[in-house]
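Notes for the structure review
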Amino acid sequence: MSFYKVVEQYRDFDVSNFFDQVSDEDIVRSLAKEKPGPMDFLTLLSPRAAGHLEAMARKAHQLTVQYFGRTIQMFIPLYISNHCTNGCAYCGFNHKNPILRRKLSLEEIEIEARAIAKTGMQHVLFLTGEAPHITPMTYLLDAAQLLKKYFASVAIEIYPLEVDAYRQLYEVGVDSMTMFQETYDEGVYKRVHLAGKKMDYHWRLNGPDRAARGGMRVVNLGALLGLSEPRREMFFTGLHACYLENKYIDTEIAISLPRFNAAEGDFHPDYLVNDKTFVQFMTALRIFLPRAGLTVSTRENAKFRDRILPLGVTRYSAGSSTGVGGYTEVPDGQTPQFEITDARSVAQVANAILVQGYQPIYKDWDCI
Ligand code: SF4
């Protein structure tokens, strides 16, 4: 069964009406459950549950310490190409943007890898746009093999692949993949994906399944919060993660919470998620899915990331650059994929984690 069956099951569910009916007693009951179900999760996502944020935060903290200890795993993104044939209205790499396009050679990737490795970082996530004629499988396999020389864990955030291709990447050392559905709302999906292979909602929706079947140890998903009604998006994101957890019991399922910042780029999202709602989403996810990794990137500013550290998050990106060749080269007017607001170095992020009594984890995996 594809996750699309679940999307169909809830697609016409009247979430607003459900939220109107949620009472404080419902929220207390859902919070007290040992195994909250989808409707408990939706209850905790309701506007009324914002009034129970302290209790939700306490439970999220307790579950996170129970399942992950006081640790935050760190990783760093490495953009190796910004060529893209897709037309995602919200992205700086959109094929229509007249930006400087660049693909790193293997030599250039190695220079970047050496610079990153000097920071002590052992988990790298490499990214491309979607342009298989420019970044074909041979290039991805070479890049992965090369990065494996420098890092314990190599992850990908690239265009969706067939199962066999994921398996080939797994066999040269890639252990994790990230793929955001961006939005689960098919109408909005169609409106913001205007060209290229990414227009195919189903091909993308089934990407995490194919990656798990291809052997990936960690599959990380998410919705870009702001494209469609955020509480619904969060609900479908949680359902998607739950579906994958139940189906691929050997795969760790993780969730990212990317959201638009008010000041970001030229695209104006229909919704903005404020800090309080963001925390509500994160804690509701933790309570619904206690084993899921939760990733918060440097889209979020340093102060906010420090504040939310004990409330459910398990992974932080650190020292990030979202430009191609961004770790060793002087900025050359490139357009980043999105704006970074936590510009601290790897060491500074690690120190901020330590200060709160948590352990920054540079390496929690090796397959050698
Ligand atoms: S979000 Fe990804 S696929 Fe879409 S334009 Fe940007 S790089 Fe390309």
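So, here's what we can say about the structure.

Conventions and cut-offs
Residues numbered from 1 in each chain as written. Predicted model: local features only at pLDDT ≥ 70, side-chain atom pairs only at ≥ 80, totals over all residues. Heavy atoms only, no water. Helix = DSSP H or I, 4+ residues; strand = E, 2+ residues; numbered from the N terminus. Rg over C-alpha atoms; globule rule 2.2 N^0.38 Å. Contact = heavy atoms within 4.5 Å. Areas by Shrake-Rupley, 256 points an atom, 1.4 Å probe, with all protein chains shown as cover. Axes fitted to C-alpha atoms, helices over the stretch in contact; angles between N-to-C directions. Parallel < 35°, antiparallel > 145°, perpendicular 65-115°, else oblique. Left-handed = near helix turned anticlockwise from the far one by under 90°. Nonpolar A, V, L, I, M, F, W, Y, C, P; charged D, E, K, R; others polar. Near = heavy atom within 4 Å. Salt bridge = Lys/Arg side-chain N within 4 Å of Asp/Glu carboxyl O. Buried < 20%, exposed > 50% of the residue type's maximum accessible area, 1.4 Å probe, protein only. Polar contact = N/O pair within 3.5 Å; in protein donor to acceptor, adjacent residues only side chain to side chain. Expected span 1.5 Å × (residues − 1). Arc of directions from axis to C-beta. Core = buried A, V, L, I, M, F, W, Y, C linked by side-chain atoms within 4.5 Å. Phe/Tyr/Trp six-rings, centres within 6.5 Å; stacked < 30°, edge-to-face > 60°. Lys NZ or Arg CZ within 6 Å of the ring centre and 35° of its normal. Pairing = 2+ DSSP bridges. Right-handed = clockwise from strand over helix to strand, strands pointing away.

**Some remarks on the overall build of the chain**
Counting its secondary structure elements, the chain contains 15 helices and 9 strands. Taken over the C-alpha trace, the chain has a radius of gyration of 20 Å; the compact-globule value for 368 residues is 21 Å, and the two agree within 12%. Considered along the principal axes of its C-alpha atoms, the chain spans approximately 60 × 45 × 40 Å. Across the chain, every contact between residues at least 6 apart in sequence was considered, and the portion connecting residues at least 24 apart equals 75%. Of the roughly 15,300 Å² of accessible surface on the chain, a fraction of 52% belongs to carbon and sulfur atoms.

**What about the packing of helix 12 (residues 230-247) against helix 13 (residues 275-288)?**
Working note: a packed helix pair is described by the angle between its axes plus the distance between those axes. In contact at an axis separation of 11 Å, helix 12 and helix 13 are set at 25° when each is read in the N-to-C sense. Our classification of the angle between helix 12 and helix 13 gives roughly parallel. When you trace helix 12 past helix 13, the crossing you get is right-handed. Along the contact surface, helix 12 presents Pro230, Arg231, Met234, Gly238, Leu239 and Cys242, while helix 13 presents Thr277, Gln280, Phe281, Leu285 and Phe288. Its residues assigned to classes, the contact of helix 12 with helix 13 comprises 7 nonpolar, 3 polar and 1 charged.

**Concerning the site of the ligand**
Taken together, 9 residues form the shell around the ligand, and within it Cys84, Asn86, Cys88, Cys91 and Lys198 come nearest. Across the shell around the ligand, the residue classes tally to 4 nonpolar, 4 polar and 1 charged.

**Considerations on the pattern of salt bridges**
Going through the model one piece at a time under the given rule, you end up with 22 salt bridges. Arg102 serves as the salt-bridge partner of Glu108, at 2.9 Å between the closest nitrogen and oxygen. Judged by its relative accessible area of 26%, Glu108 is partly exposed. By relative accessible area, which is 15% here, Arg102 ends up buried.

**As for unusual backbone geometry**
A positive phi angle, near 75°, is found at Glu182, a position not held by glycine. According to the relative accessible area criterion, Glu182 is buried, its value standing at 8%.

**Here we look at the side chain of Thr183**
Within the secondary structure layout, Thr183 lies in the loop between strand 4 (174-182) and helix 9 (186-192). In terms of polar contacts, Thr183 uses its side chain to reach the backbone amide nitrogen of Asp185, at 3.1 Å. Of note is the side chain of Thr183, whose polar atom sits 2.4 Å from the side chain of Glu233. Setting aside chain neighbours within four positions, we find Thr183 in contact with Val188, Tyr189, Tyr201, Leu227, Ser228 and Glu233.

**Digging into the packing of helix 1 (residues 3-11) against helix 12**
For the pair helix 1 and helix 12, the least separation of the axes is 10 Å and the interaxial angle reads 145°. The handedness of the crossing between helix 1 and helix 12 comes out as right-handed. Together, Phe3, Val6, Val7, Tyr10 and Arg11 of helix 1 and Arg232, Phe235, Phe236, Leu239, His240 and Tyr243 of helix 12 make up the contact between the two elements. When its residues are assigned to classes, the contact of helix 1 with helix 12 shows 8 nonpolar, 1 polar and 2 charged.

**A short note on helix 6 (residues 106-117)**
Compared with the 16 Å implied by 1.5 Å per residue over 12 residues, the 16 Å span of helix 6 between its first and last C-alpha is a close match. By the burial criterion, the buried members of helix 6 are Ile109, Glu110, Glu112, Ala113 and Ile116. With its buried residues spanning 165° around the axis, helix 6 presents them on a single face.

**Let's talk about the nonpolar core**
Within the largest apolar cluster, 117 residues are counted, with the highest numbers of intra-cluster contacts made by Phe126 and Leu169. Discounting chain neighbours no more than four positions away, the residues touching Leu169 are Met137, Leu140, Leu141, Ala144, Ile156, Ile158, Leu161, Val174 and Met216.

**Notes on the packing of aromatic side chains**
Inspection of the entire model under this criterion finds 16 aromatic pairs. Taking 6.3 Å as the distance between ring centres and 20° as the angle between the ring planes, the aromatic pair formed by Tyr184 and Phe236 counts as stacked. Linking Tyr184 in the loop between strand 4 and helix 9 with Phe236 in helix 12, this pair joins segments that are 52 residues apart in sequence. Neither Tyr184 nor Phe236 differs from the other in exposure class; each is buried. Centroid distance Tyr189 to Tyr201: 5.2 Å. Interplanar angle 90°. Geometry classified as edge-to-face. In this pair, Tyr189 sits in helix 9 while Tyr201 sits in helix 10 (residues 201-205), placing the two residues 12 residues apart along the sequence. The exposure class of Tyr189 is buried, given its relative accessible area of 1%. Here a set of aromatic residues connected by ring pairs shows up, and it is made of Phe3, Tyr10, Phe13, Phe18, Phe19, Phe41, Tyr184, Phe235, Phe236, Tyr243 and Phe288. The side chain of Lys197 reaches across the aromatic face of Trp203, ending 4.7 Å from its centre. Note that Arg210 overlies the ring of Trp203, its terminal NZ or CZ placed 3.6 Å from the centroid.

**Observations regarding the pairing of strand 7 (residues 293-296)**
Neither face of strand 7 is left uncovered, since the one carrying Gly293 and Thr295 and the one carrying Leu294 and Val296 both have all their residues buried. Here strand 6 (residues 252-256) runs beside strand 7; their pairing, made up of 3 bridges, is parallel. Bridging from a neighbouring strand, Ile255 pairs with Leu294 of strand 7. Examined bridge by bridge, strand 7 and strand 8 (residues 315-317) share 2 bridges and lie parallel to one another. Its bridge partner lying in strand 8, Val296 is registered against Tyr316. In this view, the connection linking strand 7 to its parallel neighbour strand 8 by way of helix 14 (residues 302-308) has right-handed handedness.

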